[in-house]
Amino acid sequence: MSAKAKIFTALRFFASGYFKLDPPSVKHSIIEVLDAFEKARLSDEFIRFPSTLDELRKSEAAFYRRFGFPGVVGCIDCTHVAIVAPSNSKNVSQHLYVNRKKYHSINVQLICDSRLRITNVNPRFPGKAHNSRIWNSSKIKTIMEEVHKVNPNQFHLIGDSAYALRPWMLTPIEGAAEGSPESEYSECQMEVHSAIKRVNGLLKKSFRCLLHCLHFDPVTATRIVKACCVLHNMLRDEIMGESDSSDSDDAIESDDSDDSDDSDTEYADAGIISLNYNQKGAGESLPETSANPQLTEGRMKQQKIVKSHFNYVQ
């Protein structure tokens with residue numbers, strides 16, 4: 001099979017999720033294309049989180065123009081990608097890939113910008129891992145903490161209630177009275193967060209292999225997810241050009257499936273990363289209490305935004 005034919009075969013599989021030819025030859029072509037993606041470091045080129053103050057400010061301004069919510073530099077959520085049950089081995093425990101909906105999957109963390117481009121992807125955790133556990137091991141969490149130290153209370157991500165409220169991670173205000181400024185804040189916050197839901201839906205609509213069960217080992221499945229994210233951003237760049245916004249965004253499908261997993265789960269690394277969950281901070285969020293200074297600071301930031309942007313005079 002020629003190199004061109006291998007590329008078309010892999011792209012056809014990414015788009016449809018089905019093998020059109022003899023499965024072994026198709027899988028071989030897919031692996032070769034994945035190798036080529038990684039050799040060319042395409043994920044480094046096309047999937048980049050803002051790394052400078054200027055880039056953070058540009059991302060914040062784009063979100064504010066679209067949603068009117070201040071300080072946002074990204075939206076975060078996780079989505080499950082089904083995989084065939086992996087073989088038990090020294091590095092892989094099959095039961096850790098069974099998510100709360102009782103099928104085998106990897107839980108993929110995605111962060112997007114206001115243009116629905118993916119700025120970070122972490123596909124290295126099994127389906128049983130909770131969203132907050134993935135976030136707590138993320139390099140972006142460390143980056144956002146450092147950004148907060150240098151520019152206090154200026155930038156943050158937008159997450160749902162699966163994430164712990166922090167000054168660098170804003171979540172909805174639970175139990176806000178209907179019609180109150182806090183309720184207006186939460187409605188706007190959730191509207192901003194819908195951007196990542198649309199990204200999840202668009203990604204799986206364009207690359208339907210992520211909607212079907214991937215018949216690959218967990219390591220190869222993570223590579224396929226990253227390749228699809230690269231291709232997603234290539235498509236967004238082609239659609240959006242140099243513009244920061246598009247009227248077509250509102251028509252994009254959202255991922256309506258509830259992919260979060262709220263159970264207390266064990267950890268596995270899909271054969272790629274290693275993390276000791278006996279270490280403080282390496283696992284899921286620490287219990288939140290009023291004595292937690294980061295939680296308190298997050299609540300103060302929420303109230304500051306409520307007062308400055310949602311405390312309308314009736």
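Our structure's up above, just so we're on the same page.
Enquirer: Give me the lowdown on the overall build of the chain, citing residues and values where you can.
Expert: Scanning the chain from terminus to terminus reveals nine helices and five strands. Ordered by position from the N terminus, the helices and strands of the chain form the series α-α-α-α-β-β-β-α-α-β-β-α-α-α. Burial statistics for the chain: of 314 residues in total, 51% are counted as buried. In the chain, the share of contacts with a sequence separation of at least 24, taken over all contacts with a separation of at least 6, comes to 70%. Counting only carbon and sulfur atoms, one obtains 51% of the accessible surface of the chain, whose full area is about 15,300 Å².

Enquirer: Outline the packing of aromatic side chains, listing residues and values.
Expert: Here the structure, examined in full by the defined rule, presents six aromatic pairs. The rings of Phe-13, Phe-14 and Phe-216 are connected pair by pair, giving a single aromatic cluster. Lys-27 extends its terminal NZ or CZ atom over the ring of Phe-216, reaching a point 5.1 Å from the ring centre.

Enquirer: Quick one: what's the story with the environment of Ser-308, residue by residue and with numbers?
Expert: Relative to the helices and strands, Ser-308 is located in helix H9 (residues 293–310). For Ser-308 and Pro-70, which are 238 residues apart along the polypeptide, the C-alpha to C-alpha distance reads 9.8 Å. A distance of 3.0 Å separates the side chain of Ser-308 from the backbone oxygen of Lys-304, its partner in a polar contact.

Enquirer: Explain the sheet that holds strand S4 (residues 156–158) to me, using residue names and the numbers behind them.
Expert: The strand order across the open sheet built from five strands is S3-S2-S1-S4-S5, with neighbouring strands paired in mixed fashion. Bordering the open sheet on either side are strand S3 (118–126) and strand S5 (169–170), each of which pairs with just one other strand. One ladder, built from eight bridges, connects strand S1 (residues 72–82) with strand S2 (residues 105–112); its direction is antiparallel. Considered in S2, the bridge of Val-81 is made with Ile-106. Strands S1, S2, S3 and S4 of the sheet are contacted by helix H6 (residues 139–150), whose axis makes an angle of about 135° with S4. Helix H7 (residues 181–206) rests against S1, S2, S3, S4 and S5 of the sheet, and its axis sits at about 45° to S1.

Enquirer: Go over the side chain of Thr-220, please, and point to the residues and values.
Expert: With respect to the element layout, Thr-220 can be found in helix H8 (residues 218–240). If we ignore the near neighbours within four places in the chain, the residues touching Thr-220 are Ile-31 and Leu-34.

Enquirer: Mind laying out unusual backbone geometry, listing which residues take part and the relevant values?
Expert: A positive phi angle, close to 65°, is found at Leu-116, a residue other than glycine. Note on Leu-116: relative accessible area 0%, which makes it buried. Not every positive phi belongs to a glycine, and Asn-153 is a case in point at roughly 60°. With respect to the helices and strands, the residue Asn-153 is situated in the loop between H6 and S4. Judged by its relative accessible area of 34%, Asn-153 falls in the partly exposed class.

Enquirer: Please give an account of H6 that cites residues and values.
Expert: Its twelve residues place the ends of H6 17 Å apart at the C-alpha level, agreeing with the 16 Å of an ideal helix rising 1.5 Å per residue. All buried positions along H6 are accounted for by Ile-140, Lys-141, Met-144, Val-147 and His-148. Angular distribution of buried residues about the axis of H6 spans 125°; they occupy a single face of the element. Summarising the geometry of H6, the exposed residues directed more than 90 degrees from the buried face are Lys-139, Lys-149 and Val-150. Capping the start of H6 is the job of one residue whose side-chain oxygen sits 3.1 Å from the backbone nitrogen of Ile-140: Ser-138.

Scoring rules and cut-offs
- Residues numbered from 1 in each chain as written.
- Predicted model: local features only at pLDDT ≥ 70, side-chain atom pairs only at ≥ 80, totals over all residues.
- Heavy atoms only, no water.
- Helix = DSSP H or I, 4+ residues; strand = E, 2+ residues; numbered from the N terminus.
- Buried < 20%, exposed > 50% of the residue type's maximum accessible area, 1.4 Å probe, protein only.
- Contact = heavy atoms within 4.5 Å.
- Areas by Shrake-Rupley, 256 points an atom, 1.4 Å probe, with all protein chains shown as cover.
- Phe/Tyr/Trp six-rings, centres within 6.5 Å; stacked < 30°, edge-to-face > 60°.
- Lys NZ or Arg CZ within 6 Å of the ring centre and 35° of its normal.
- Polar contact = N/O pair within 3.5 Å; in protein donor to acceptor, adjacent residues only side chain to side chain.
- Pairing = 2+ DSSP bridges.
- Axes fitted to C-alpha atoms, helices over the stretch in contact; angles between N-to-C directions.
- Expected span 1.5 Å × (residues − 1).
- Arc of directions from axis to C-beta.

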